[in-house]
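Given next are the chains, with one letter for each unit.
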Amino acid sequence: NFNQRNIAPALALNKPIFRNWMAVSIPKINVNISRVLFDDVYQMMSDEEAIIDVSEAIFTDCKKNGVDEKVNSEVRIALVEALNNVAEHAYRGERNHIIDVRLFIRKDILRLTIKDYGGPNLHGVEPIKLNIDPDDIQELPVGGFGLNIMNKLMDRVHYHREEGVNVLILERKL
């Protein structure tokens, strides 16, 4: 079941709309299928408008499926950080590249799996030690907080690359 939100740009570029989601293996969760509340894929382009649209759609779907508002807001922040990193780093700021986001909700866990087809992540997903003085606003760096934010808000952040595809998994216990 694929969510067809925000695919008009892909149609206009004559790009494939649906990729084989199972072409890249994703670490398995032991799932009792009757406990799955929601499982859907959103395909988007690598631009700011699509990031906003998809994050809003996922926020709404989480809300409809009983995800606590505070958790939902934190998951959305981590998702936006991850999508911005894909657009900025994997695709080097170029628009019109495809990003797939899978939202999986079970009674006890929420999982976002983000796939992109850009350059590899050479830095991993571990939080970066930032030597900053938070009181010195003039010297705060413009970027570099995304991984720290994702790791702070999510229970698990995992990255791997398989067959030329970047796969980022964000998990939050419910």
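Visitor: Mind showing me how you'd approach the overall build of the protein chain here?
Guide: Scanning the protein chain from N- to C-terminus turns up 4 helices and 6 strands. Going from the N terminus to the C terminus, the protein chain shows its helices and strands as β-α-β-α-α-β-β-α-β-β. When burial is assessed residue by residue, the protein chain has 42% of its 174 residues classed as buried. If you sum the accessible surface of the protein chain, you get close to 10,000 Å²; carbon and sulfur atoms cover 51% of it.

Visitor: Which parts of the structure should I look at to understand the packing of helix 3 (residues 69–90) against helix 4 (residues 146–153)?
Guide: To characterise two packed helices, one gives the angle between the axes of the helices and the distance between these axes. Orientation of helix 3 relative to helix 4, taken along the N-to-C sense of each, is 150 degrees, at an axis distance of 9 Å. The angle between the axes of helix 3 and helix 4 places the two elements in the roughly antiparallel class. The handedness of the crossing between helix 3 and helix 4 comes out as left-handed. Judged by residue contacts, Glu74, Ile77, Ala78, Glu81, Ala82 and Asn85 of helix 3 engage Gly146, Leu147, Ile149, Met150 and Leu153 from helix 4. Its residues assigned to classes, the contact of helix 3 with helix 4 comprises 7 nonpolar, 2 polar and 2 charged.

Visitor: How should I be thinking about the packing of helix 2 (residues 48–64) against helix 3 in this particular structure?
Guide: Across the interface, helix 2 lies against helix 3 with an axial gap of 10 Å and an inter-helix angle of 155 degrees. Considered as vectors, helix 2 and helix 3 are oriented roughly antiparallel to each other. Classified by chirality, the crossing of helix 3 by helix 2 is right-handed. Counting all contacts with helix 2, which are made through Ile51, Ile52, Ser55, Glu56, Ile58, Phe59, Cys62 and Lys63, the residues of helix 3 involved are Asn72, Ser73, Arg76, Leu79, Val80, Leu83, Asn84 and Ala87. Tallied by class, the residues present in the contact of helix 2 with helix 3 amount to 9 nonpolar, 4 polar and 3 charged.

Visitor: Just to check I follow, could you spell out the pattern of salt bridges for this structure?
Guide: Note that side chains of opposite charge can pair when their charged atoms are close. The tally for this structure, following the rule as stated, stands at 9 salt bridges. The closest approach of N and O atoms between aspartate 108 and arginine 35, which form a salt bridge, is 3.7 Å. Pair noted here: aspartate 108 is in the loop between strand 3 (98–106) and strand 4 (109–116) and arginine 35 is in the loop between helix 1 (8–12) and strand 2 (36–45), with a separation of 73 residues, a long-range link. For arginine 35, a relative accessible area of 38% translates into the label partly exposed. Residue aspartate 108 pairs with arginine 106 through a salt bridge whose shortest N-O separation is 2.7 Å. Judged by its relative accessible area of 30%, aspartate 108 is partly exposed. One connected set of salt bridges, linked through shared partners, spans Arg35, Arg106 and Asp108.

Visitor: What should I look at first to understand the environment of lysine 115 in this one?
Guide: Tracing the backbone through its elements, the reader meets lysine 115 in strand 4. On the basis of relative accessible area, lysine 115 is assigned to the buried category, the value being 2%. Here the alpha-carbon distance between lysine 115 and isoleucine 99, two residues 16 residues apart in the chain, equals 5.8 Å.

Visitor: Just checking my understanding: could you explain the pairing of strand 4 for this structure?
Guide: Remark: a regular strand shows side chains that alternate across the two faces of the sheet. For strand 4, a buried count of 8 out of 8 residues is recorded, marking the element as mostly surrounded by other parts of the structure. Across the two faces of strand 4 the burial is the same, with Ile109, Arg111, Thr113 and Lys115 and Leu110, Leu112, Ile114 and Asp116 all buried. Direction of pairing for strand 3 relative to strand 4: antiparallel, over a ladder of 8 bridges. Paired with leucine 103 across the two strands is leucine 112, which belongs to strand 4. In sequence, strand 3 turns back onto strand 4 through a hairpin of 2 residues.

Visitor: Please clarify how the packing of aromatic side chains should be interpreted in this entry.
Guide: Applying the stated criterion across every chain yields a total of 0 aromatic pairs. Between the NZ or CZ atom of arginine 76 and the centre of the ring of phenylalanine 59, over which it lies, the distance is 5.3 Å.

Calculation notes
Residues numbered from 1 in each chain as written. Predicted model: local features only at pLDDT ≥ 70, side-chain atom pairs only at ≥ 80, totals over all residues. Heavy atoms only, no water. Helix = DSSP H or I, 4+ residues; strand = E, 2+ residues; numbered from the N terminus. Buried < 20%, exposed > 50% of the residue type's maximum accessible area, 1.4 Å probe, protein only. Areas by Shrake-Rupley, 256 points an atom, 1.4 Å probe, with all protein chains shown as cover. Axes fitted to C-alpha atoms, helices over the stretch in contact; angles between N-to-C directions. Parallel < 35°, antiparallel > 145°, perpendicular 65-115°, else oblique. Left-handed = near helix turned anticlockwise from the far one by under 90°. Contact = heavy atoms within 4.5 Å. Nonpolar A, V, L, I, M, F, W, Y, C, P; charged D, E, K, R; others polar. Salt bridge = Lys/Arg side-chain N within 4 Å of Asp/Glu carboxyl O. Pairing = 2+ DSSP bridges. Phe/Tyr/Trp six-rings, centres within 6.5 Å; stacked < 30°, edge-to-face > 60°. Lys NZ or Arg CZ within 6 Å of the ring centre and 35° of its normal.

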